[in-house]
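Structural characterization, general
Chain residues, written in single-letter form:
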Amino acid sequence: LLQYGDRIRLRGTIAVCLVLGVLAIGTIRHRGWEWGDSVRLWKATTLTSPSNGRAWMNAGVALMARNERIEARRYFEEAKRLYPRYAYVYANLSVLDGIEGKLESSLANAEEAVRLDPRWEQAKGYLADARRRLGR
């Protein structure tokens, strides 16, 4: 059996846990909402880690998938500024340029992706696609 002092401490501990649990509900619900959508997730990541170029690029990819091209480009450009030697950024810019009909720019970005990572086969595929669209 618990002594009187132990019961008081136990009740106090339980009360503190309950209060903290209730206070955490809002944060948990917000995180669930935020993480339930890739655009919200990656945008939130760029806010909490503004120097994370991969987060900026992933936000751009999620935005491009929604056909939000202007905002996607803004995120890709920031990723490129942060990680100028990251081939994936250039590959995604090549795809976006191709979607927008900017074929010369698409080719230049694909070439840069291959230059930065010559062993990445998918980048070579983007380059071949850009050349094909230009009739080369």
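Residues numbered from 1 in each chain as written. Predicted model: local features only at pLDDT ≥ 70, side-chain atom pairs only at ≥ 80, totals over all residues. Heavy atoms only, no water.

**Focus on the pattern of salt bridges**
A side chain of one charge can pair with a side chain of the opposite charge if their charged atoms are brought near each other. Note the following rule: A pair is scored as a salt bridge if a Lys or Arg side-chain nitrogen falls within 4 Å of a carboxyl oxygen belonging to Asp or Glu. Here a strand is any run of E in DSSP of at least two residues, a helix any run of H or I of at least four, and the numbering for each starts at the N terminus. Three labels apply to residues, based on accessible area from a 1.4 Å probe with only protein chains included: buried if under 20% of the type maximum, exposed if over 50%, partly exposed otherwise in between.
Applying the stated criterion across every chain, the model contains 14 salt bridges. Between Arg66 and Asp37 there is a salt bridge; the shortest N-O distance is 1.9 Å. In this pair, Arg66 sits in the loop between helix H3 (53–65) and helix H4 (69–82) while Asp37 sits in the loop between helix H1 (4–35) and helix H2 (38–48), placing the two residues 29 residues apart along the sequence. The exposure class of Arg66 is partly exposed, given its relative accessible area of 41%. A residue is classified by how much of its surface remains accessible, and Asp37, at 14% relative accessible area, is buried. If you follow the salt bridges from partner to partner, you end up with Arg69, Arg73, Asp97, Glu100 and Lys102 in one network.

**Section: the side chain of Thr46**
Operational definition: Any pair of N or O atoms that falls within 3.5 Å is considered a polar contact. Within protein, one atom must be able to donate a hydrogen and the other to accept it, and sequence-neighbouring residues count only if both atoms are side-chain atoms. Residue contacts are counted whenever heavy atoms from the two residues lie within 4.5 Å of one another.
With respect to the element layout, Thr46 can be found in helix H2. Overall, the relative accessible area of 4% leaves Thr46 in the buried class. At a separation of 2.6 Å, a polar atom in the side chain of Thr46 contacts the main-chain carbonyl oxygen of Lys43. Not counting chain neighbours up to four residues away, the residues in contact with Thr46 comprise Ala55, Trp56 and Tyr75.

**What about the packing of H2 against H3?**
Operational definition: To get an axis, a line is fitted to the C-alpha atoms, and for a helix only the part in contact is used. The angle between two axes follows their N-to-C directions and goes from 0 to 180 degrees. Here is the rule for angles: anything less than 35 degrees is roughly parallel, anything more than 145 is roughly antiparallel, 65 through 115 is roughly perpendicular, and the remaining ranges are oblique. Should the near helix be turned anticlockwise from the far one by less than a right angle, the crossing is termed left-handed; should it be turned clockwise, right-handed. Three residue categories are used. Nonpolar comprises Ala, Val, Leu, Ile, Met, Phe, Trp, Tyr, Cys and Pro, charged comprises Asp, Glu, Lys and Arg, and polar comprises the others, including Gly.
Closest axis-to-axis distance for the H2/H3 pair is 8 Å, and the angle between their directions is 155°. Judged by the angle between their axes, H2 and H3 are roughly antiparallel. For the pair H2 and H3, the crossing hand works out as left-handed. Facing Ser38, Val39, Trp42, Lys43, Thr45 and Thr46 of H2, the residues of H3 in contact are Ala55, Trp56, Asn58, Ala59, Ala62 and Leu63. Across the contact of H2 with H3, the residue classes break down as seven nonpolar, four polar and one charged.

By themselves, these are just geometric observations and shouldn't be taken as functional.
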